[in-house]
Amino acid sequence: MAKKRIGILTSGGDCPGLNATIRGIAKACYEKFGTDDVQIVGIQNGYYGLINNIAREMEPYEFSGILTQGGTILGTKRQPFKMMSVIEADNVDKVKSMKKTYKDLKLDCLLTLGGNGTHKTANLLSEEGLNVIGLPKTIDNDIFGTDVTFGFHTAVDIATDVIDRLHTTAASHSRILVVEIMGNKAGWLTLYSGIAGGADVIVIPEIPYETEKIVSALNKRTEAGKSFSIVAVAEGAYDVKEAELKKKERAKRRAEAGITTITSTLAAQIQKGTGVETRVCTPGHMLRGGSPSAYDRLLATKFGVRAAELIAKEKYGYSVALINSQIGENPLSDVAGKTKFVDPKCADVITAKRLGVSFGD
Ligand code: F6P
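About the thresholds
- Residues numbered from 1 in each chain as written.
- Predicted model: local features only at pLDDT ≥ 70, side-chain atom pairs only at ≥ 80, totals over all residues.
- Heavy atoms only, no water.
- Phe/Tyr/Trp six-rings, centres within 6.5 Å; stacked < 30°, edge-to-face > 60°.
- Helix = DSSP H or I, 4+ residues; strand = E, 2+ residues; numbered from the N terminus.
- Buried < 20%, exposed > 50% of the residue type's maximum accessible area, 1.4 Å probe, protein only.
- Lys NZ or Arg CZ within 6 Å of the ring centre and 35° of its normal.
- Pairing = 2+ DSSP bridges.
- Axes fitted to C-alpha atoms, helices over the stretch in contact; angles between N-to-C directions.
- Contact = heavy atoms within 4.5 Å.

Caption draft 1: The arrangement of the packing of aromatic side chains in detail. All told, the structure shown has four aromatic pairs when counted by the stated rule. For the pair Phe152 and Tyr192, a centre-to-centre distance of 5.2 Å together with 65° between the ring planes defines the contact as edge-to-face. Placement of the pair is Phe152 in helix α5 (residues 152-173) and Tyr192 in helix α6 (residues 188-197), with a sequence separation of 40 residues. Residue class for Tyr192 comes out partly exposed when judged on its relative accessible area of 27%. An aromatic cluster is built from Phe152, Trp188 and Tyr192, whose rings are joined through pairwise contacts. Taking the ring centre of Tyr318 as reference, the NZ or CZ of Lys315 above it sits at 4.8 Å.

Caption draft 2: Highlighting the sheet that holds strand β4 (residues 109-114). Sheet architecture is open: seven strands sit in the order β3-β2-β1-β4-β5-β10-β11, paired in mixed fashion. Either end of the sheet is taken by a strand with one partner, and the two such strands are β3 (55-57) and β11 (326-331). If you compare each strand with its neighbour and ignore which way they point, the axes differ by 25° on average. Inspection of the sheet shows β4 paired to strand β5 (residues 132-136) by five bridges, in the parallel sense. Within β5, the position partnered with Leu110 by the bridge is Val132. Set on the sheet, helix α1 (residues 18-33) makes contact with β1 (4-10), β2 (38-43), β4 and β5; between it and β1 the angle comes to about 175°.

Caption draft 3: Just unusual backbone geometry, in detail. The phi dihedral of Asn141 is positive, around 55°, even though this residue is not glycine. Its identity is not glycine, yet Ser174 carries a phi of approximately 50°, on the positive side. Tracing the backbone shows Ser174 in the loop between α5 and β6 (176-181). Assessed through its relative accessible area of 35%, Ser174 is described here as partly exposed.

Put into structure tokens, the structure is as follows:
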């Protein structure tokens, strides 16, 4: 019997838990099919490696000792979905090249670990006839159809630690600390770490804010005798006026103003409106670095094991997911092109509001 050949790639922004997932897939495949009957093929740097046939056959020992490792042993790269079907200056037909690599590597299936963009391309390849399984990764937690993505909870832990640390320095200096947290489209990370870290104001893209309302909430705290405040702002947040603009127009105006996010503008408005010294902290990519939390190791491992089960059943064209706390899968076509946003009326937002947290709305 020919060896089962399983291609794995990691695409888009990295996050803790990618290696734990790769390990879960590999170990479960070795268990299920036998070490001698399966060949894992590691594709380097995401779809870029698939387009350019940069791949190698991997040995079982390479999947040991990586459970706790951050990043991805396979490397990753952003390869925008919208350009996948566009022939650029290099004259490469990317879709054709990916299909050719799949064939040349004699793959039985391809496992793609990634976020929304990765899933769109995974679905495209599945529609093109390849056997594809997606695994949902991102610190943004915005993949449709899964309760949670791996990487998210680790990032929540890190962001919460940042907010904890900002509390002590904000209190010592009687300042307002505005912390910008990653999350371009969805505010999950800001919402969760904001609540867990005890932020006084939480600003997320799903709830466009009014600066006056944020200032008034902070002044109320001062009147109540609080000498400091913490404001958690999602990277993709905007106010009610910007909310009326199309995404492109918003980006254009920000570029003209020399900013990419609203955080520094909001911080300046807060300082002016409250008269309290205000500082900005941007942990940025630190939120994506380092070892996965125990939660993410467990989730990643379960996702990896599920992917191996799908391979055994030859059930392709799916993305592994946590659905109502149970491991399952969704058709790639149901997931691709959709974003899971925070519902402004969800229980978590209501919980925060009941504590007196302002969302600026
Ligand atoms: O998609 C995850 C994410 O971390 C977003 O929250 C952030 O906007 C983006 O990646 C930044 O990624 P990079 O700097 O790697 O392009």
